[in-house]
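Structural characterization, general
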Amino acid sequence: MSGGAILTAAEMRAAEQALFATGIPEYDVMVRAGRAVAEMVWRVGAKRDVLVLCGPGNNGGDGYVIARRLREHGVPVRVAAMADPATESAKRARDDWGGPVEDIMACAPAHQLVDALFGTGLTRELDASLAGRLCDLAKQANHVYAVDLPSGIATDDGAILSPVPHYHLCLSLGAWKRAHMLRPAALCWDQMACLDIGLDIGMATPGAAVRRLEKPRLSAPADDAHKYRRGLVAVVAGAMAGAAALSAEAAARAGAGYVRLVGAQAIVDAPHAIVRVSSRDEDALTDPRIAALLVGPGLGRTEAAAQKLRAALEAGQAMAVDADALWHLGEGAWPALPPRAILTPHEGEFVRLFPDLAEGTPIDRALAAAARSGAVVVLKGPVSVIAAPDGRAAIADRAPSWLSTAGTGDVLAGLCAGRLAVTGDPFGAACEAVWLHGEAARRAGPAFIADDLLHGIGSAIKACL
Ligand SMILES: NC(=O)C1=CN([C@@H]2O[C@H](COP(=O)(O)OP(=O)(O)OC[C@H]3O[C@@H](n4cnc5c(N)ncnc54)[C@H](O)[C@@H]3O)[C@@H](O)[C@H]2O)[C@H](O)CC1
Ligand SMILES: [K+]
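First, a word on scope: everything that follows refers to the structure included in this document. Predicted model, so just to flag it, every value in this text is computed and none were measured.

1. Thoughts on the packing of aromatic side chains
- Taken as a whole and assessed by the stated rule, the structure comprises two aromatic pairs.
- Between tryptophan 334 and phenylalanine 354, the aromatic rings sit 4.9 Å apart at their centres with planes inclined by 10°, giving stacked as the arrangement. Linking tryptophan 334 in the loop between helix H8 (323-329) and strand S16 (341-343) with phenylalanine 354 in the loop between helix H9 (347-353) and helix H10 (362-373), this pair joins segments that are 20 residues apart in sequence.
- Between phenylalanine 350 and phenylalanine 354, the ring centres sit 5.0 Å apart and the planes meet at 40°, which makes this aromatic pair tilted.
- The buried category is assigned to phenylalanine 350, whose relative accessible area is 0%.
- In textbook terms, an aromatic cluster arises when at least three aromatic residues are bridged by ring pairs, as seen for Trp334, Phe350 and Phe354.
- One residue, arginine 212, lies across the ring of tryptophan 176, its end atom 4.9 Å from the ring centre.
- Residue placement shows lysine 227 over the ring face of tyrosine 258; its charged tip is 5.1 Å from the ring centre.

Next up, the structure:
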């Protein structure tokens, strides 16, 4: 199975070719795909009548297989095509269907609609009349399924090339494609699933380096753990010390053994477990026992704040850099970053840091930013991308939209620093942090505030042990 890999159309073709090279004929793979989709339609819609729309390519081929399989289940099923099959496998699939093929522009609607017009082979928008017809038929159906992708969506960037209806279920074949993760495409359906068609997408497959963010596996502290071995985090506080306090608590709850808040002695409402130290303490940032620094949340945009960032960078420790620190960092400051750094920009901060990376998918932009900066980049948004300089990326597409509230970024930055202190691995730490953040939000329910997330971190971690 794909193991969460997210592929481009070209990478998917390469993965399919690798499967064919093992001696499995294309038509057999098409039959697997069609049957897998048919089982889902059968499970959801039972014997309610189905209309399958077939295109000229292999997506259409899947459609004929789906129709045949549903007929075997005793489901009343009809097929309508926009053109004759153009590939050998699709021709064979239609022959094996053997039933009538109606004209898509003239056919009657059905209770359930299966869109097998175009999949990863779509190269341009649908003709207006065809797109309109697809939308009309979908409007008249109670259940609408997309085979692989809705017809009209660009596989690699999730753009909507021509009008697509709303789908109840989008069934990806073999592996996720980028459009399954990206807006606006991913707003076109209620639910999606990835169906196994026997592709084995290991790390050797190009593109397997981009994956869907999955629940991490975490471990409890070792038997002989103590607070320093579990990781000492120093959080640099600034003008808005409450932000740093949120981060510090998140770092502590993420598993760090010891968290110091540097330069925020006036704060009284951080937990007592967080130790406050003065920024004048000589080794506040250079204590060799520090496993990770965090700088940015509430730092401020003054010269004094910039000086704090410089001091933190000079310390050369593994570091998470967020918010105002990203503002001070500016373009081209990459040589000043320590070797193990995590940058956590939102869109505005990202564009300021990487002005020439304003266009493209968040996947490509975050990967380019990571390669350039040498840091792990977490591009935050409705879909967040965690990218490493070596080309790995994880996509978090399931975070609750309730996270769009003040202070949640400070919590995420603290989680990054905390996990970085625990594991020492910036990419793994950032992935764990983003997952825990989303999970804490799910557990907090609707309309939470950032402080509530802190109390969900422990149970989110428990789910990963
Ligand atoms: N390759 C395999 O072994 C399997 C693929 N599966 C399914 O096949 C599709 C991809 O199939 P492909 O034939 O490459 O592409 P499409 O069916 O999406 O369509 C290609 C066909 O359509 C022409 N075309 C493209 N855009 C338009 C347009 N806007 N209007 C008209 N015509 C268009 C293009 O030139 C081609 O001729 C994949 O998604 C899976 O569903 C099986 O699942 C497994 C085996
Ligand atoms: K389709």
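Right, picking up where we left off after that structure.
2. Re the nonpolar core
- Ranked by internal contacts, the top residues of the largest apolar core, which has 57 residues, are Leu261, Ile342, Ile386 and Val411.
- Dropping the residues within four chain positions of it, valine 411 is found in contact with Leu246, Ala250, His437, Ala450, Leu453, Leu454 and Ile457.
- Judged by nonpolar contacts, the second largest core, of 50 residues, contains Leu293, Leu299, Ala333 and Val383.

Quick notes on the rules
Position labels on residues start from 1 in each chain and follow its written sequence. Chain labels run from A onward and ligand labels from 1 onward, assigned in the order the entries are written. Local features in this predicted model are restricted to residues of pLDDT 70 or higher, and side-chain atom pairs are both shown and tallied only at a pLDDT of 80 or more, whereas totals for entire chains, interfaces and linings draw on every residue. Each side-chain value is derived from all of the structure's non-hydrogen atoms; neither hydrogens nor water enter the calculation. The aromatic pairing rule takes the rings of Phe, Tyr and Trp, using the six-membered ring of Trp, and pairs them if the centres are within 6.5 Å, calling planes under 30 degrees apart stacked, those over 60 edge-to-face and the rest tilted. Think of it this way: any DSSP run of H or I at least four residues long counts as a helix, any run of E at least two long counts as a strand, and we number them from the N terminus. Only protein chains enter the area calculation, which uses a 1.4 Å probe; residues under 20% of their type maximum are buried, those over 50% are exposed, and those in between are partly exposed. Any Lys NZ or Arg CZ found within 6 Å of a ring centre and within 35 degrees of that ring's normal is scored as a charge over the ring. Throughout this description, the term nonpolar core refers to a set of buried Ala, Val, Leu, Ile, Met, Phe, Trp, Tyr and Cys residues connected via side-chain atoms within 4.5 Å. Contacts: residue pairs with any heavy atoms within 4.5 Å of one another.

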